[in-house]
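# Summary of the model geometry
Now for the letters of each chain:
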Number of protein chains: 2
Amino acid sequence: MNSNYIEILGFIAAILTTAAFLPQVYKTWKTKDVSGLSMPMLIIFFVGIVFWLIYGFYKESPSMIFANSITTITSFMLVYFKFKYEKR
Amino acid sequence: MNSNYIEILGFIAAILTTAAFLPQVYKTWKTKDVSGLSMPMLIIFFVGIVFWLIYGFYKESPSMIFANSITTITSFMLVYFKFKYEKR
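Just so it is clear, the structure is predicted and the values come from calculations on it, not from any experiment. All residue numbers refer to positions counted from 1 along the written sequence of the respective chain. Whichever chain is written first is A, and whichever ligand is written first is 1; the rest continue in order. This being a predicted model, a pLDDT of at least 70 is required before a residue's local features are given, and a value of 80 or more before pairs of side-chain atoms are given or counted; all residues contribute to the totals for chains, interfaces and linings. Here the side-chain values reflect all heavy atoms present in the structure, with hydrogen atoms and water set aside.

### Notes on the nonpolar core
Within this scheme, the nonpolar core is defined by two criteria: the residues are buried Ala, Val, Leu, Ile, Met, Phe, Trp, Tyr or Cys, and they are joined through side-chain atoms within 4.5 Å. Residue exposure (1.4 Å probe, protein chains only): buried if accessible area is under 20% of the type maximum, exposed if over 50%, otherwise partly exposed. With 16 residues, the main nonpolar core has W52, Y55 and M64 of chain A together with W52, Y55 and M64 of chain B as its most contacted residues. Elements represented by at least two residues in this core include exactly helix 1 (3-31), helix 2 (39-58) and helix 3 (62-85) of chain A together with helix 1 (3-31), helix 2 (39-58) and helix 3 (62-85) of chain B. Whether two residues touch is decided by their heavy atoms; if any such pair falls within 4.5 Å, the residues are in contact. Discounting chain neighbours no more than four positions away, the residues touching W52 of chain B are G10, A13, A14, T17, S63, M64 and A67 of chain A together with M64 and N68 of chain B. By definition, any uninterrupted DSSP run of H or I lasting at least four residues is a helix, any uninterrupted run of E lasting at least two residues is a strand, and each is numbered from the N terminus.

Have a look at this one:
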């Protein structure tokens, strides 16, 4: 397949999975309810996304760099919210 | 960087993000509590993962094929649980 078409597939994937993650971030920001979120899982996810981002650079994949840049930020926000709003 | 090392990076990413998703699936399976899950978001996520899987095949990325094959199954399970356990 033409590489432009492949990149279109990738961007559709990027937009869908990034969009599916945003409502969680928005909900946590609004409600400050972090009880259902597990800090170890958030950190594992965040580190995983950073690895995908680095991998995306090496694979020269614009879709992966785009998606994982955004998700690096949004997943870091969840880690921050969990830290900030957790009942002590 | 040597392509083997790049693929190791990708596999670390694959294992971390896949592992971070599993507790959600397990929790939903055990509790049958799907109230916090949104069906449109689950479907958007599932379709996005299928697109990443197809993209991974075209990019000839073993890490992406591995991670997105597993997450296709686990995200489909969440769609199924939501459909099955949703209060009518």
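### Some details on the packing of aromatic side chains
Residue and element names in this part refer to chain A. Side-chain rings of Phe, Tyr and Trp, where Trp is taken by its six-membered ring, are said to pair if the distance between their centres is within 6.5 Å; with planes under 30 degrees apart they count as stacked, over 60 as edge-to-face, and otherwise as tilted. For the structure on display, the rule yields 14 aromatic pairs over all chains. Aromatic side chains F46 and F76 sit 5.7 Å apart centroid to centroid with 55° between the ring planes, which places their arrangement in the tilted category. Taken together, the positions of F46 in helix 2 and F76 in helix 3 put the pair 30 residues apart, joining distant regions of the chain. On the basis of relative accessibility, which here comes to 22%, the residue F46 falls in the partly exposed class. Linked through ring pairs, Y80, F81 and Y85 together constitute an aromatic cluster. Sitting over a ring, as applied to charges here, requires NZ of Lys or CZ of Arg to be within 6 Å of the ring centre and within 35 degrees of the ring normal. For the cation-ring pair, K30 lies above W29, with the distance from its terminal atom to the ring centre recorded as 5.0 Å.

### Topic: the UniProt feature "transmembrane region" (unreviewed entry) in chain A
As recorded in UniProt, the feature "transmembrane region" (unreviewed entry) lies at residues 6-25, 37-58 and 64-83 of chain A. Annotation note: span residues 37-58 of chain A, helix share 91%, strand share 0%, distance between end C-alpha atoms 31 Å. UniProt positions are given in the numbering used here, feature names are shortened, and annotations may be inferred rather than shown by experiment.

### Digging into the packing of helix 1 of chain A against helix 2 of chain B
Direction vectors running N to C along helix 1 of chain A and helix 2 of chain B enclose 150°, while the axes themselves pass 8 Å from each other. For the element pair helix 1 of chain A / helix 2 of chain B, the angle class is roughly antiparallel. Handedness of the helix 1 of chain A/helix 2 of chain B crossing: left-handed. Within the contact between the two elements, helix 1 of chain A uses I6, E7, L9, G10, I12, A13, A14, L16, T17, A19, A20 and P23 of chain A and helix 2 of chain B uses M41, I44, F45, V47, G48, I49, F51, W52, I54, Y55 and Y58 of chain B. The classification used treats Ala, Val, Leu, Ile, Met, Phe, Trp, Tyr, Cys and Pro as nonpolar, Asp, Glu, Lys and Arg as charged, and all other residues, Gly among them, as polar. By residue class, the composition of the contact of helix 1 of chain A with helix 2 of chain B is 19 nonpolar, three polar and one charged. Structural elements are reduced to axes, namely lines fitted to C-alpha atoms, with helices fitted over the stretch in contact, and the angle between N-to-C directions of any two is expressed from 0 to 180 degrees. Any angle between 65 and 115 degrees counts as roughly perpendicular, while under 35 counts as roughly parallel, over 145 as roughly antiparallel, and the rest as oblique. Helix crossings get a hand from a simple test, with the near helix turned counterclockwise from the far one by less than a right angle marking a left-handed crossing and a clockwise turn marking a right-handed one.

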